[in-house]
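Chain by chain, the residues:
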Amino acid sequence: PYKTTIPGTDVSFEMLPIPGGEFMMGSPESEADRNEDEGPQVKVKVEPFWMGKHEVTWDEYDIWSFRLDIQRRKIAGKEPTKLDSVADAVTRPTPPYTDMTFGMGNGGDPAICMTQHAAKMYCRWLSEKTGHFYRLPTEAEWEYCCRAGTKTAYSFGDSATAEGDVQNKASLLDPYGWHTGNAAGNDPPVGALKPNPWGLYDMHGYLREFTADGWHDDYVDAPTDGSARSVEEGDTAAVVVRGGSWKDRYDALRSAS
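Note that the coordinates shown come from a computational prediction; the quantities given were computed from them, not determined experimentally.

Participant: Hey, could you run me through the sheet that holds strand E5 (residues 49-52) in this one?
Facilitator: In any sheet, the strands associate via hydrogen bonds between backbone groups, in a parallel or an antiparallel arrangement. The strand order across the open sheet built from three strands is E1-E2-E5, with neighbouring strands paired in antiparallel fashion. Both edges of this open sheet fall to strand E1 (2-5) and E5, since each of them pairs with a single strand only. Strand-to-strand twist in this sheet, taken as the mean axis angle between neighbours without regard to direction, amounts to 35 degrees. As paired strands, E1 and strand E2 (residues 12-18) are joined by four bridges and run antiparallel to one another.

Encoded structure:
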């Protein structure tokens, strides 16, 4: 694991090492609440990589989107480093038309309301800024991380509900993920709930997360090496988002959803 500070700022982020291995991507036909685009299951081999400990926060994202690093250098009268000069050339978004947090908080809260392209460009900027390569995970890598060595519907088991609990339909999920049943009135920072077995937070719920893949309606001919399927080759030119969100029911937070 490592923690690094974005150069020229006091903002840091953490990455966790993910061991390589094989897993069955998608859900078996016997899984409750399964969707058709989650199969057929395919065995995928994933090489080792690093994954963010939690979702990217506004503190991180705003440095790029609002050019805060450039403004900070100007105020301090500092010359850009070689890495700064390259990072400064990476395109950034136009100013937003409104507050893109939509009242859901900023700072240590997860960044929301960007396109997949913006997420990719943030990764490119971060790569140039730090001198280390960052990118979006592929869909296979994301599910591999969410499962964290498990084969069940969620990383904590097959059911979101404790046996005999008729009051809370997601009593077992509540400690791990924000969903429509437990998120009302909450505006927590990232990592407020329990992590999965590999130490990753908010994989179930809170925000839907972009992957590098284009969406297909099944996993026929899906790569078996953990690589991404291009957006251009996808069924609708749509992109893949994973993990469900605080606006989704518990079943949309399953590892394969």
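Participant: Can you help me understand the pairing of strand E6 (residues 209-214) in this one?
Facilitator: Side-chain positions along a regular strand alternate between the two faces of the sheet. Of all six residues in E6, five are buried, a share of seventy percent or more. Bridging between E6 and strand E7 (residues 239-242) involves three bridges; their strand directions are antiparallel. By the bridge assignment for E7, Phe210 is matched with Val241.

Participant: When you look at unusual backbone geometry in this model, what are you seeing that I'm missing?
Facilitator: Peptide bonds are, in most cases, trans, and in most cases residues other than glycine have a negative phi. Omega for the peptide link from Gly39 to Pro40 comes to 0 degrees, which places this bond in the cis form. Topologically, Pro40 is positioned in the loop between strand E3 (21-25) and strand E4 (42-46). We note that Ala148 has phi near 50 degrees; this positive angle belongs to a residue other than glycine. Checked against the element boundaries, Ala148 lands in the loop between helix H5 (139-147) and E6. Phi is positive for Tyr206, which is not a glycine, with a value near 70 degrees. Here Tyr206 lies in the loop between H5 and E6. Relative accessible area serves as the criterion here: at 5%, Tyr206 is assigned to the buried category.

Participant: I tried to follow the pattern of salt bridges on my own but got confused; where do I start?
Facilitator: Side chains carrying opposite charge are able to pair once their charged atoms draw close together. For the structure shown, the criterion picks out 16 salt bridges. Notably, a salt bridge pairs Arg135 with Glu141, separated by 2.9 Å at the nearest N-O pair. Residues participating in the shared-partner salt-bridge network are Asp69, Arg73, Asp84, Asp88, Arg92 and Lys129.

Participant: Quick question: what am I supposed to make of the state of the cysteines here?
Facilitator: In protein structure, a disulfide is the covalent linkage between the sulfur atoms of two cysteines. Using the criterion set out here, one finds zero disulfides in the structure. Unpaired in terms of disulfides, Cys113 finds its nearest cysteine sulfur in Cys123, a separation of 17 Å. With no disulfide partner, Cys123 has as its closest neighbouring cysteine sulfur the one in Cys145, 14 Å distant. With a relative accessible area of 11%, Cys123 lands in the buried category.

Participant: What should I look at first to understand the environment of Pro1 in this one?
Facilitator: Looking at where Pro1 falls in the secondary structure, it is placed in the segment before E1. Once residues within four sequence positions are removed from consideration, Pro1 is found in contact with Met15, Leu16 and Pro17.

Participant: For this particular structure, what's the right way to read the nonpolar core?
Facilitator: Soluble globular proteins tend to pack their nonpolar side chains together in the buried interior. Formed by 24 residues in total, the largest nonpolar core has its most connected members in Ile6, Tyr61, Trp64, Tyr122, Trp125 and Leu126. Elements supplying a minimum of two residues to this core: E2, helix H1 (58-65) and helix H4 (116-130). If you tally residues by element for this core, the top one is H4, at five residues. Those residues in contact with Tyr122 that lie beyond four places of it in its chain are Ile6, Val56, Glu60, Tyr61 and Trp64.

Participant: Got a minute to help me understand helix H2 (residues 68-76) in this structure?
Facilitator: Helical geometry note: an α-helix holds 3.6 residues per turn, so side chains three or four residues apart project in the same direction. Taken residue by residue, H2 has Asp69, Ile70 and Arg73 as its buried positions. Looking straight down H2, one finds its buried side chains confined to an arc of 100 degrees; they lie on one side. Exposed residues on H2 whose side chains face more than 90 degrees from its buried face are Lys74 and Ile75. Check the buried side of H2 and you find it contacts H1, helix H3 (82-88) and H4. Following H2 by one or two positions, Gly77 adopts a phi angle in the positive range, close to 70 degrees.

Participant: For this particular structure, what's the right way to read the side chain of Gln116?
Facilitator: By secondary structure assignment, the location of Gln116 is in helix H4. In this view, Gln116 contacts Leu136, Phe210, Thr211, Ala212, Asp213, Val231 and Val239; residues no more than four positions away in its chain are not counted.

About the cut-offs
Residues numbered from 1 in each chain as written. Predicted model: local features only at pLDDT ≥ 70, side-chain atom pairs only at ≥ 80, totals over all residues. Heavy atoms only, no water. Pairing = 2+ DSSP bridges. Helix = DSSP H or I, 4+ residues; strand = E, 2+ residues; numbered from the N terminus. Axes fitted to C-alpha atoms, helices over the stretch in contact; angles between N-to-C directions. Buried < 20%, exposed > 50% of the residue type's maximum accessible area, 1.4 Å probe, protein only. Salt bridge = Lys/Arg side-chain N within 4 Å of Asp/Glu carboxyl O. Disulfide = S-S within 2.5 Å. Contact = heavy atoms within 4.5 Å. Core = buried A, V, L, I, M, F, W, Y, C linked by side-chain atoms within 4.5 Å. Arc of directions from axis to C-beta.

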